[in-house]
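Next come the chains, spelled out residue by residue.
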Amino acid sequence: MTTAPMDAAARRAVKPVICYPNNSLPKPDLDLYRTARAGAQKISETLVEPRDAGCFEVPAGYFFRISSVEGAQVGDLNLWNRDDLKERFYSGKTRALHGTHITTGERMWSSFPQMRPMATIIEDSLGWYGMDEFGGSVHDVIGTRCDPYTGNLLAGSQYHHCCHSNLIRALADHTGMSLSEAEPYVHDVLNVFMCTGFTRDTGQYFMKASPVRPGDYLEFFAEIPLLGALSACPGGDCSSEHSSDTAACFPLLVEVFAPKEGALENWQSPALNGYDQSHGR
Ligand SMILES: [Zn+2]
């Protein structure tokens, strides 16, 4: 322990400032998206088996919905630009812009240098949950993904159905890459339906039983052409543990919908980030 200075209380009392005030972020036109969604037709579905992952493609301007079916289950979502896998979901920047958990009207942002909205959440049936008394909420961008390396570090285990490995297998199967080629493309996830937070006393990452029930869903508008991969986490509802085969696990359903022709006539994919990339040279 260090000795607190005389003015410690005054220093602690300084009020926080929001790092990235998000009132200047471009606002998604939710009314337009919802009107287009109302006339949309389902074109495909992917059932993701428990402790496994599946890939799906969504053209720009289309919609995708992730649903709980059969039982409470959380999902780990990766997104890439379908035409350039180097542009991928940037969980850390999404957290900086929107906070620890995302919901309706918020967006999944892509990596540098493109840094633009990849997908916008247009409906969240768990929107009622808000923030609970523990500081927990759903759909976080604070966790990474369960992975076999951390399990090995902490417990010496060799477990092969963590979300990290599930996502690698799914991406490899979908693209024809080898596992070692696919692994560097797998990135920090959106934890769909997972209920998490940081403990107020020690600041540790916590999880608790997800409030998700069969029929709940999270629905997105694809701002750019997307390749998605979703893992049905071996933690199931994440009420006790993950990185093992002990939790009850259920499938997750991904459905893709095409808007009616002309429904998005004046809409365009977001432009690439406007920074000139000269970096002072
Ligand atoms: Zn997981």
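Residues numbered from 1 in each chain as written. Predicted model: local features only at pLDDT ≥ 70, side-chain atom pairs only at ≥ 80, totals over all residues.

*Asks:* Would you mind going over the overall build of the protein chain with me for this structure?
*Replies:* For the protein chain, the count of helices and strands is six helices and 13 strands. Scaling as 2.2 N^0.38, a compact globule of 281 residues should have a C-alpha radius of gyration of about 19 Å, and the protein chain matches this with 20 Å. The dimensions of the protein chain, computed from C-alpha atoms along their principal axes, are 70 × 45 × 45 Å. (Helix = DSSP H or I, 4+ residues; strand = E, 2+ residues; numbered from the N terminus. Rg over C-alpha atoms; globule rule 2.2 N^0.38 Å.)

*Asks:* Is there a simple way to think about helix α4 (residues 148-155) in this case?
*Replies:* For an α-helix, 3.6 residues make a turn, and residues three or four places apart therefore share a direction. The buried fraction of α4 is low, at zero of eight residues. Gly 156 sits one or two residues past α4 and shows a positive phi near 70°. (Buried ≥ 20, exposed ≤ 12 C-beta atoms within 10 Å, placed from the backbone.)

*Asks:* Quick question: what am I supposed to make of unusual backbone geometry here?
*Replies:* When glycine is set aside, most residues are seen to have a negative phi, and most peptide bonds are trans. Residue Phe 112 is joined to Pro 113 through a cis peptide bond whose omega torsion reads 0°. Along the chain, the position of Pro 113 falls in the loop between β6 (107-109) and β7 (117-124). Backbone geometry at Cys 238 places phi at a positive 60°, although glycine is not the residue there. One can find Cys 238 in the loop between β12 (226-232) and β13 (252-258). Judged by the 24 C-beta atoms lying within 10 Å of it, Cys 238 is buried. Positive phi, close to 50°, is recorded for His 279, a residue that is not glycine.

*Asks:* Which parts of the structure should I look at to understand the pairing of β13?
*Replies:* Moving residue by residue along a regular strand, the side chains alternate between the two faces of the sheet. Of the strand pairs in this sheet, strand β1 (residues 41-48) and β13 are connected by seven bridges, and their pairing is antiparallel. Note that in β13 the partner of Glu 45 across the bridge is Glu 255. With six bridges joining them, strand β3 (residues 63-68) and β13 adopt antiparallel strand pairing. Across the sheet, the residue bridging to Ile 66 is Val 254, located in β13. (Pairing = 2+ DSSP bridges.)

*Asks:* Would you take a moment to explain the environment of Val 48 for this structure?
*Replies:* Position of Val 48 among the secondary structure elements: in strand β1. Look at Val 48 and you get buried, because 25 C-beta atoms sit within 10 Å.

*Asks:* Hey, could you run me through the pairing of β12 in this one?
*Replies:* Along β12, seven of the seven residues are buried, which leaves the element largely enclosed by surrounding structure. Along β12, one buried face is formed by Leu 226, Gly 228, Leu 230 and Ala 232 and the opposite face, lined by Leu 227, Ala 229 and Ser 231, is buried too. By the bridge criterion, six bridges tie strand β2 (residues 53-58) to β12 in an arrangement that is antiparallel. What sits directly across from Glu 57, in β12, is Leu 227. As judged from the seven bridges shared by strand β4 (residues 75-81) and β12, these two strands associate in the antiparallel manner. Bridge pairing in β12 places Gly 75 opposite Ala 232.

*Asks:* Can you help me understand the sheet that holds strand β11 (residues 217-222) in this one?
*Replies:* Strand pairing in a sheet takes place through backbone hydrogen bonds and is either antiparallel or parallel in direction. In spatial order, the strands read β1-β13-β3-β11-β7-β6; together these six strands make up an open sheet with antiparallel pairing. Strands with a single pairing partner mark the edges of an open sheet, and in this sheet they are β1 and β6. Each strand axis lies, on average, 25° off the axis of its neighbour in the sheet, ignoring direction. Across the sheet, helix α2 (residues 30-38) is in contact with β3, β7, β11 and β13; its angle to β7 comes to roughly 70°. (Axes fitted to C-alpha atoms, helices over the stretch in contact; angles between N-to-C directions. Contact = placed C-beta atoms within 7 Å.)

*Asks:* Explain the environment of Glu 183 here, please?
*Replies:* Structurally, the position occupied by Glu 183 is in the loop between α6 (179-182) and β9 (190-198). Glu 183 sits in the partly exposed class, given 15 other C-beta atoms within 10 Å. In this structure, the C-alpha to C-alpha distance between Glu 183 and Arg 51, residues 132 residues apart in sequence, is 17 Å.

*Asks:* Can you help me understand the environment of Asn 23 in this one?
*Replies:* Summarising the element assignment, Asn 23 is placed in the loop between α1 (8-12) and α2. For Asn 23, a count of 6 C-beta atoms within 10 Å puts it in the exposed group. Note: C-alpha distance between Asn 23 and Asp 188 (165 residues apart in sequence) is 26 Å.

*Asks:* What is the right way to read helix α5 (residues 163-175) from this model?
*Replies:* Taking 1.5 Å as the rise per residue, α5 with 13 residues should run 18 Å; its terminal C-alpha atoms sit 18 Å apart, in good agreement. As for α5, its buried residues are in contact with β2, β4, α4, α6 and β12. One or two positions beyond α5, positive phi appears at Gly 176, with a value near 85°. (Expected span 1.5 Å × (residues − 1).)

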